[in-house]
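Reading the structure
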Amino acid sequence: MSVVPAEADAVPGTAAETVARAAAGAGEATRTEDVTGIVAAPLAPRARLFPALSAVYRAQLSRARVARIPLLFVATFQSIGIMVLMRGVVDGGDAARAVVSGSSVLVVAFVALNLLAQYFGQLRAGGGLDHYATLPVPPAAVVLGAAAAYASFTAPGTVVTAVTGCLLFQLPMAHLWVLIAVIPLAGAALAGLGAALGLLAPRPELATLCGQLGMSAALLLGVLPAAGLPAPISYARDLLPSTYGVEALARGFDAHPDWLAVVADLGVCAAVGVLSLAVAAWAYRRAAVR
């Protein structure tokens, strides 16, 4: 639906129709001149994906730097607190690896899934999507830019949590570089899921609830050792995107990691990330036109 400025009513003759046609034909390179001699300037062409993505990412990163850093500290302290509590009941072995890797990825879930679901839910309810809809920015750039900005804040907390967990449970840190792949891939999968939940929820309260439930699932199904879970819950664990990031990081604590299994787990994270971000972009287009 095109919006014509109020000033267009003052244009004599068919000038208002010309301005309306120019507004509707965004991106056209031609100039339109009516019988009165007034020329309607063409609108700017639609921005390309990657420059638009970079612009949205920088804007979101600047905005989130002030608002989200305190919450990042909360996410980090929460994960470290969980590891301290589990230290009293877990001595080592596979259980310790599961606790440390699950607590580390929980930081990603808290920011990328929970906070992003809340952000897009509030953006939709407050009319913020209307602002983005007026810009010549592809929907995928808005979703990817916001998701990348929120996921970027998870890196420091995830590294601090993983290092602290290794010290608590005497785990080797030689292969912690796996976090370089785990953070962006698990972050993309969870951020896409969080954005989709926020955009599809009819009310912001439901978006917040869905984000909280998703983070709780990442907590319970990621931190607890998989060997002690009942079979139905194990199946639910396999459906959670963060599970494969947890498994990839946990395998890195082995003396001789199975790198093929690590790559397979990261590949699942990447595939889920692409799918969830595509669903989030579709949900953004659906919410922006309503």
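Let me sum up the structure you'll find in this document.

Thresholds applied
- Residues numbered from 1 in each chain as written.
- Predicted model: local features only at pLDDT ≥ 70, side-chain atom pairs only at ≥ 80, totals over all residues.
- Heavy atoms only, no water.
- Helix = DSSP H or I, 4+ residues; strand = E, 2+ residues; numbered from the N terminus.
- Buried < 20%, exposed > 50% of the residue type's maximum accessible area, 1.4 Å probe, protein only.
- Areas by Shrake-Rupley, 256 points an atom, 1.4 Å probe, with all protein chains shown as cover.
- Patch = residues over 30% accessible without salt bridge, like charges linked within 9 Å, V, L, I, M, F, W, Y side chains within 5 Å.
- Salt bridge = Lys/Arg side-chain N within 4 Å of Asp/Glu carboxyl O.
- Contact = heavy atoms within 4.5 Å.
- Axes fitted to C-alpha atoms, helices over the stretch in contact; angles between N-to-C directions.
- Parallel < 35°, antiparallel > 145°, perpendicular 65-115°, else oblique.
- Left-handed = near helix turned anticlockwise from the far one by under 90°.
- Nonpolar A, V, L, I, M, F, W, Y, C, P; charged D, E, K, R; others polar.

Another aspect to go through is the overall build of the protein chain. Of regular secondary structure, the protein chain possesses 11 helices and 2 strands. Counted from the first residue to the last, the protein chain has its helices and strands arranged as α-β-β-α-α-α-α-α-α-α-α-α-α. Counting all 290 residues of the protein chain, 44% fall into the buried class. Carbon together with sulfur atoms contributes 68% to the accessible area of the protein chain, which is approximately 14,100 Å² in total.

Among the surface-exposed residues, L200, L275, V279 and W282 lie close enough to one another that they form a single nonpolar patch of about 370 Å² accessible area. Sorting elements by how many residues they give to the nonpolar patch places helix α11 (residues 259-288) first, with 3 residues. As for its position among the elements, V279 is in helix α11. For V279, a relative accessible area of 34% translates into the label partly exposed.

Moving on, we come to the environment of L240. Examined against the element boundaries, L240 turns out to sit in the loop between α9 (231-239) and α10 (242-251). Once residues lying within four places of it in the same chain are set aside, the contact partners of L240 are A217, A218 and L221.

Let's shift gears to unusual backbone geometry. Despite not being glycine, Q170 shows a phi value in the positive range, around 55°. Secondary-structure assignment places Q170 in the loop between α6 (154-169) and α7 (179-200). On the basis of relative accessibility, which here comes to 58%, the residue Q170 falls in the exposed class.

Another aspect to go through is the packing of helix α3 (residues 93-125) against α10. Contact geometry for α3 and α10: axes closest at 8 Å, N-to-C directions at 130°. With respect to α10, the axis of α3 lies oblique. Regarding α3 and α10, the two cross each other, and that crossing is right-handed. Counting all contacts with α3, which are made through R97, S101, G102, S104 and V105, the residues of α10 involved are S242, G245, V246, L249 and A250. Residue composition of the contact of α3 with α10, grouped by class: 4 nonpolar, 5 polar and 1 charged.

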